[in-house]
Structure formats: structure tokens, C-alpha cells
Amino acid sequence: MNIVVCVKQVPDTETTRTLKSDDRTLDRAAADGVLNELDEYAVEEALRIKEAHGGEVTVLTMGPDKATDTIRKALSMGADKAVHLTDEALVGSDALQTSYAIQQVLGRTGFDLVVLGSESTDARTGVLAAMLAERLGVPQLSLANKVEIDGSSIRVQRQTDYGYDKVEATLPAVVSVVEKINEPRYPSFKGIMAAKKKPFETLGIADAGIDAAQVGLANAATEVVDFAEAPPRERGQIVKDEGEGGVAAAEFLASKKFI
Amino acid sequence: MTQPDDFLALDDELDEAEQGIRDVVRDFAQDRLAPQISDWYERGTVPREIFTDFGKLGVFGMHLDGYGCAGTSAVAYGVACRELEAVDSGLRSVVSVQGSLAMFAIHRWGTEEQRQEWLPRMAAGQAIGCFGLTEAAAGSDPASMRTTARRDGADWVLSGTKMWITNGTLADVAIVWARTDDGIRGFVVPTDAPGFSANAIPRKLSLRASDTAELVLDEVRLPAASAFPDVRGLRGPLSCLNEARYGILWGTVGAARTCYLEALSYALTRTQFGRPLAGFQLNQRRLTEMVIAVGNAGLVGLRLGRLKDAGRVEPAQISYGKLANARAALDVARSARAMLGAAGITLDHPVMRHLTNLETVVTYEGTEEMHTLSIAAAITGLKAFR
Ligand SMILES: Cc1cc2nc3c(=O)[nH]c(=O)nc-3n(C[C@H](O)[C@H](O)[C@H](O)COP(=O)(O)OP(=O)(O)OC[C@H]3O[C@@H](n4cnc5c(N)ncnc54)[C@H](O)[C@@H]3O)c2cc1C
């Protein structure tokens, strides 16, 4: 089976993340880049599917030069090869454009199954899997917390607020995963050392047949109009328990619509 | 801009694989070990599961080749020791004893059968090893050991008592060094052999998250094939100690770094006389001395690691690193402890734990005095041990 995992380098959520004042895009140089956390689960799931059913796992990323670190991590975990789409023309692309660019690369690599994390911790749009499936004309199985493959059919448990849906489709397909799905492995030392020697293809937009007029900040369908600093956290509210503490806590939760 | 935790940006000198290994070990150490260590320390235990976790991580014998070992560079192994000892010296000791003492001994001196039998399981953490050289009356002077191995037909019979043996009660296999008619020899002793027993040493105030034991060999009968065939004399055990000391000189960098970072963050937040502690000149001097000590120790580790990878490191240079770095780490820990005031004496902060651990680390694998004499012997040509 030809499995492609789409991964993204995101600024470390433990560092301060900022938007640039001039073009209102994320300041990727300012923060340490790490593999988007949910993508680790996607890589892990792809590796498990490969281990059970055979085939090959390709890591695909679109991002700046330094995103190679992220790819290395996925290769260290056990992916077989990597494709890195990187081009100045892609800077500032929104989700719609990104799904187009990735579709073009998938046209080159081919795929039976595309696995993604259900969202990235930077923009958190959570729409890429849906857009990609639509562009590719294949079924989308989203928010999977369990994946089973049987011949050419794929079944997932789709996580919902009330439990889960059982969703079934025929391959090829696009799956997005949530963190309940597995426990990502630590890369093995042998894996880390082997990562350097694995096939690693770097593509520009011309190599991937991407139309420059359809990508990049200037051509984006969406625009960040303005942004503001998050307000400082307000002091918490302290309720003194004089026998009514439970009621007060419940009322508070109800007022915030948690219960 | 300089980073407080790597002031000299030393890690830029690591290659890609070494950096990758650092990240994995650091994540593992911080996620799985750091949250539990004060509890293990207080209870004076090291859980058996740690060995399987370490095995899965791949740190046991990671710089050895074949038999399920990853075959990394010595520098990568050093960095792994650094990240583990940043949590606790006892946890790094587990890895030193398993990989550098027990596995290295079998890898370097064992027969092919001994390697096949033990190394893959030890690499995976399914079998635990220990290394018995020291005795109650033979510490710095191991040549005076009393444990003997005598021939009985084709068999060997071992008698004696080893003391202060790390991993002793947990071990499945003990590498035991004993006196024979033909000089000191090494033996691979399965710990379920009749006559073998191990007793935990109680009431330790240092290296509490580590198993330290007495090994009793009461007429333990072993087949001929349990001896290392080709090595006689102290050359055998000393070759292993040299490996383990190499890991220690890196590990201590981690312990020192943790103490320094703890002192730094404490001093930045704690105020007295209306100012953060870090704003007083006396504390600034402490912090500066700490950051220099950590950086210099890191440099020593890296230099010796590169020499080791080039096959050029001398035992006296390892002595230099073990002595200089263990001493530096102890100084940093003491200074950090002082900066935390009363808060520094509890297990809520890592510094007192590191401080007491480091008292063991300067003692085992050759005391400060022994390494002083080794270095001096190398530069003067005069031996002053006896
Ligand atoms: C927690 C722990 C774990 C250990 N794990 C192991 C293990 O797994 N396997 C193992 O074999 N051993 C182990 N050891 C033993 C350790 O290696 C010895 O304790 C060490 O070699 C020192 O020996 P000693 O304690 O007998 O001290 P001694 O040799 O009695 O030394 C006492 C003091 O005298 C000094 N001294 C001795 N001779 C001289 C001299 N000629 N000139 C100047 N000063 C001298 C020493 O430097 C030291 O300060 C462990 C020890 C500890 C504490």
C-alpha cells in the first residue's frame, strides 16, 4: 500500500508565537519549529498500517527550508521516504491553496491512503483534510480514533462529542486522525541514524506542476485583516466553601455552558 | 543571543544523528523519568519497568555494534548519558552499568556464544546485568580482591563476596571478576546459579534511585565456558571501567546543568530585600561560576567523545574528564543548594538529590584521589599509588 502522510512544521506551542506586522503571516523564523503534534499520531498510524499490511510510507511536507527537521523526525520514526515542497512562491498560502499544492504533489507520488493530523496547532483551521479529499475526488474519513483496513475497504471510528460514528469507505481515501488513535513511538536510534540515508526529494512549484498564480499570499482566498494581542489573563474567581461550594462551582460551570 | 542552558552553543557541534538522539532521550527523560524521580528517590527504588523502557528507547549498549545494539557514535552515547543524568545520576548509572560495564565486558571479552546468549536480551532490557569488581576490603585497590575461582574438573567454582554492586538484586547476569591460579579473570554468572545471592544495601543517603547490593558467591559452580577466554589481570575490568567513566564524565554535565538551571529560575523569581535573588552581585557570581562550570564540563565531554570516536582517547584523558567533571558538578550542586536556601534541602527541588548523588559519583569508578594519581602518573611518569 502506498501511504502518504502529510506533516507540517509548526512553531513550538511552548514558545511565544507572533504574527508579522507587515503581512500578518506567522513569524516562522521567530519560534522553534517542531513537528505538529497531531501529525506524530498520523505518522504513527501510517507506520502501523504499513507494518500490518505492507507497503511504503512517504512523508510529505510543504514549508520553508527548515521544515527538513520535521521531515527527519518522521523518517526517524520509520517512514521510508520524504518529499519536501518548498518555494518562495508558496509563502502565505492559505488552506485552500495549500490543498491545491498538496494535491499536485500527490499526483506525482500517487497514493492509496493519505493520512493527516486533524488540525495543526498554528492556524488550527482543521479543513485541510476535507479540502484535499474534495480536490482528489476521494472519500474523506475525518477525526479517526481507530482505523481498520481490510483489502480495499477502510473503516474508521470517527470521534464525536457523543461517542463515535462508524464510517466506511473504499480506498483510495483521505483520513485525518485525532490523538486518541495511538501512542506515537519514540524514534529509535537506528532509525535516527538511518534517516539521513533515506530518499529525500525537494520540489519547487515548477517541479510539482503548481501554477504560481494559484498560490502565495497575494493570491490567497482568505486574508488576515487584523490581529491583536491576547488580553492578559484575568485573576481567577475564588469561591470560599461555606457549605455551598459545590453549588457555586456547578453554577459557574453552567454559566460558561460546560454543563 | 546566548541560551542559558547551552551558553557556548556546544550542541551545534553535534551532527544530525547526535542531535536527533539528544532530542529523543531528552524527551523521554523529561516525560517519563522527571515526573517520578523524587518519588523513586524517596522510596529508595528503581522500578524494574525502567529497564524495559530503556531497552525500547535503545540506550543500553547504544554505542556497541551488532547484537541488537544501535552502533551510535561515542558522542551520541555521551549526550544520552547527559540527558539521563540531568534527571538523576542513579538512572544514568543503570545505563552505565548495563551498557558500559556488563554488556561491554561481554562484547569485548566474551565468546561468540556468550555474546549471542546475553547481548540481544540485554540491549532490549529483558535481561539485566551487573558488574562485580569491588569488595568490602578491595575498593581503590581491586588487585587485592579475595574472591576466587578454582577449577574442579572442567568446571569453575567461585567463592567470595562483592560489595557496592549496582543493579545487584535486579540482575539476571553478573560479570564477576575473581582471582585464579592464572591471575584475575572475568566470569559470566547467571544469577539463578545455585549458591549465588544478592542483598540490597540499606540506609543509603546517596544514589537512592538505584539498586546497590552485596553479591554472595557461595561455591557457585559454573561450566568451563563461563569464563572470558582471553583476558587476564586488571586489564579486563579496567577496560570496562574506562568505558563507564566516559559515560559518567558526560552524565555529570547533565546533573550540573539541572542544578544550575534550577538555581537560575529560583533566583529570578524569589525576592528578598525587595529584589530578585538573581539581582544581587554575590548570587550573580554564583550563577556565572555555574554557567562556566557547565560549559567547560560540556567541552571536555565533547572533546573526549570526538577523541574516542577517532579511536585515540587515552585512559588518563578519561581520568581527566571523570575527575574534572564530577568535581565541577558537585561544586555546582553545592552552590545551587545554597542559593535555594531552605527550599534547597527538600525533594521538591532537584538540587539536594543531585548533590547527594554526586557524592557517589565522585567516589565510584575511581575516586578523585585515584584519578589524580592517574593523571599525575601520566604527566610525571611516576606512579604514587602505593
Ligand atoms: C552507590 C555505589 C555504587 C557502586 N557500584 C559499583 C559496581 O556496580 N561495581 C563495582 O565493582 N563497584 C561499585 N562501587 C564501588 C566503588 O567503585 C568503590 O566504592 C570505589 O572504587 C572506592 O572504593 P572504596 O569505597 O573501597 O574506598 P577506599 O578505596 O577504601 O578509599 C577510601 C578513601 O581513601 C582514598 N584512597 C585510597 N587509596 C588511596 C591512595 N593510594 N592514595 C590516596 N588516597 C587513597 C580514596 O580516594 C577514598 O577517598 C559502587 C559504589 C557506590 C557508592
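Here the structure is a predicted model, which means the values were calculated and not measured. (Residues numbered from 1 in each chain as written. Chains lettered and ligands numbered in written order. Predicted model: local features only at pLDDT ≥ 70, side-chain atom pairs only at ≥ 80, totals over all residues.)

Caption draft 1: Seen up close, the overall build of chain B. From N to C terminus, chain B includes 11 helices and 11 strands. Over its C-alpha trace chain B gives a radius of gyration of 21 Å, about what one expects of a compact globule, namely 21 Å for 386 residues. With the C-alpha coordinates of chain B rotated into their principal frame, the extents come out at 80 × 45 × 45 Å. For chain B, the residues scored as buried account for 52% of the 386 residues in total. Taking contacts inside chain B between residues at least 6 apart in sequence as the whole, the part at least 24 apart equals 75%. (Helix = DSSP H or I, 4+ residues; strand = E, 2+ residues; numbered from the N terminus. Rg over C-alpha atoms; globule rule 2.2 N^0.38 Å. Buried ≥ 20, exposed ≤ 12 C-beta atoms within 10 Å, placed from the backbone. Contact = placed C-beta atoms within 7 Å.)

Caption draft 2: Representation of the overall build of chain A in the model. What chain A contains, in helices and strands, is 6 helices and 11 strands. Projecting the C-alpha coordinates of chain A onto the three principal axes gives extents of approximately 65 × 50 × 40 Å. Of all 259 residues assigned to chain A, the portion counted as buried reaches 40%. Long-range pairs, those at least 24 residues apart, make up 70% of the contacts in chain A with a sequence separation of at least 6.

Caption draft 3: Spotlight on the sheet that holds strand 4 (residues 56-62) of chain A. All names here are of chain A. Taking strand neighbours across the sheet as the criterion, the 9 strands line up as 9-8-7-10-6-1-4-5-11 in an open arrangement whose pairing is mixed. Bordering the open sheet on either side are strand 9 (163-170) and strand 11 (200-203), each of which pairs with just one other strand. Across the sheet, the mean angle separating the axes of adjacent strands is 30° when strand polarity is ignored. Looking at chain direction, strand 8 (residues 153-160) and strand 9 are connected through 8 bridges and run antiparallel. Note that in strand 9 the partner of Thr 160 across the bridge is Gly 163. Here helix 3 (residues 95-109) sits on the sheet in contact with strand 1 (2-7), strand 4, strand 5 (81-85), strand 6 (113-117) and strand 11, set at roughly 145° to strand 4. (Pairing = 2+ DSSP bridges. Axes fitted to C-alpha atoms, helices over the stretch in contact; angles between N-to-C directions.)

Caption draft 4: Broad picture of the site of the ligand. Residues and elements named next belong to chain B. Around the ligand, a shell composed of 20 residues is seen, among which Thr 134, Gly 139, Ser 140, Thr 367 and Glu 369 lie nearest. Sorting the residues of the shell around the ligand by element identifies strand 3 (129-132), strand 5 (155-166) and helix 11 (368-380) as the ones contributing at least two each. Looking at the shell around the ligand element by element, the count peaks at 3 residues for strand 5. Its residues assigned to classes, the shell around the ligand shows 9 nonpolar, 9 polar and 2 charged. (Near = placed C-beta within 6 Å. Nonpolar A, V, L, I, M, F, W, Y, C, P; charged D, E, K, R; others polar.)

Caption draft 5: Molecular detail of the domain arrangement of chain B. Per the domain assignment, the segments making up chain B are domain 1 (10-123), domain 2 (129-226) and domain 3 (235-380). Contact residues are listed per partner, giving 10 residues for domain 2 of chain B and 9 residues for domain 3 of chain B. (Domains from an automatic or database assignment.)

Caption draft 6: Structural detail: the interface of chain B and chain A. Taken together, the contact between chain B and chain A spans 11 residues of the former and 10 residues of the latter. Ranked by residue count, the leading element in the side of chain B that touches chain A is helix 1 (residues 16-33) of chain B, at 6 residues. Partitioning the side of chain B that touches chain A into residue classes produces 7 nonpolar, 3 polar and 1 charged.

Caption draft 7: How the structure looks around the packing of helix 7 (residues 235-269) of chain B against helix 9 (residues 315-339) of chain B. All names here are of chain B. Where helix 7 meets helix 9, the axes come as close as 8 Å, and the angle between the chain directions of the two elements is 20°. One finds that helix 7 runs roughly parallel with respect to helix 9. As helix 7 packs across helix 9, the resulting crossing turns out to be left-handed. Residue classes in the contact of helix 7 with helix 9 are distributed as 20 nonpolar, 4 polar and 3 charged. (Parallel < 35°, antiparallel > 145°, perpendicular 65-115°, else oblique. Left-handed = near helix turned anticlockwise from the far one by under 90°.)

Caption draft 8: Highlighting the nonpolar core. Counting residues in each nonpolar core, the largest one holds 186 residues, and the members touching the most others are Val 5 of chain A together with Ala 102, Ala 256, Ala 263 and Val 332 of chain B. Not counting the four nearest positions on each side in its chain, Val 5 of chain A is found in contact with Ala 42, Val 43, Ala 46, Val 57, Val 59, Leu 60, Ala 74, Ala 79 and Val 115 of chain A. (Core = buried A, V, L, I, M, F, W, Y, C linked by C-beta atoms within 7 Å.)

Caption draft 9: Region of interest: the pairing of strand 1 of chain A. Residues and elements named next belong to chain A. Most of strand 1 is tucked away: 5 of the 6 residues are buried. Bridge count between strand 1 and strand 4: 6 bridges; the pairing is parallel. Counterpart to Asn 2 in the pairing with strand 4 is Glu 56. In this structure, strand 1 lies alongside strand 6, joined through 4 bridges in parallel fashion. If you follow Val 4 over to strand 6, its bridge partner there is Val 114.

Caption draft 10: Focus on the packing of helix 5 (residues 89-109) of chain B against helix 7 of chain B. Residue and element names in this part refer to chain B. Close contact between helix 5 and helix 7 brings their axes to 9 Å; oriented N to C, the two are set at 155°. Considered as vectors, helix 5 and helix 7 are oriented roughly antiparallel to each other. In this structure, helix 5 meets helix 7 at a crossing whose hand is right-handed. In this structure, helix 5 contributes Ser 89, Arg 92, Ser 96, Ser 100, Leu 101, Phe 104, Ala 105, Arg 108 and Trp 109 to the contact, and helix 7 contributes Gly 236, Ser 239, Cys 240, Glu 243, Ala 244, Gly 247, Ile 248, Gly 251 and Ala 255.

Caption draft 11: The environment of Ala 80 of chain B, seen in detail. Residues and elements named next belong to chain B. Position of Ala 80 relative to the elements: it lies in helix 4 (residues 74-85). Residue classification places Ala 80 among the buried positions, given that 33 C-beta atoms sit within 10 Å. Taking the C-alpha atoms as reference points, Ala 80 and Ala 209, 129 residues apart in sequence, are found 18 Å from one another. Those residues in contact with Ala 80 that sit more than four places away from it in its chain are Ile 21, Val 25, Val 59 and Met 62.

Caption draft 12: Local environment of helix 10 (residues 351-361) of chain B. All names here are of chain B. The element helix 10 is extensively covered by neighbouring structure, given that 9 of its 11 residues are classed as buried. If you check which residues of helix 10 are buried, you get Val 351, Met 352, Arg 353, His 354, Leu 355, Asn 357, Leu 358, Thr 360 and Val 361. Elements that come into contact with the buried residues of helix 10 comprise helix 2 (37-43), helix 5, helix 7 and helix 9.

Caption draft 13: Spotlight on unusual backbone geometry. Here the amide bond leading from Leu 171 of chain A into Pro 172 of chain A is cis, since omega sits at 0°, within 30 degrees of zero. Looking at the element boundaries, Pro 172 of chain A is found in the loop between strand 9 and strand 10 (173-177). For Glu 365 of chain B, which is not glycine, the phi torsion reads 60° and is therefore positive. Assignment of secondary structure puts Glu 365 of chain B in the loop between helix 10 and helix 11. Overall, the presence of 25 C-beta atoms within 10 Å leaves Glu 365 of chain B in the buried class.

Caption draft 14: Up close: helix 6 (residues 112-123) of chain B. All names here are of chain B. Between its first and last C-alpha atoms helix 6 spans 16 Å; for 12 residues at 1.5 Å apiece the expected length is 16 Å, and the two agree. Among the residues of helix 6, Gln 114, Trp 118, Leu 119, Met 122 and Ala 123 are the ones counted as buried. The arc that holds the buried residues of helix 6, viewed along the axis, is 120°, so those residues lie on one side. Across from the buried face of helix 6, at angles greater than 90 degrees, the exposed residues are Glu 112, Glu 113 and Gln 116. Buried residues along helix 6 sit against helix 3 (49-57), strand 2 (69-70), helix 5, strand 3, strand 6 (173-180) and strand 7 (183-190). In the segment just after helix 6, Gly 125 is the residue with positive phi, at about 80°. (Expected span 1.5 Å × (residues − 1). Arc of directions from axis to C-beta.)

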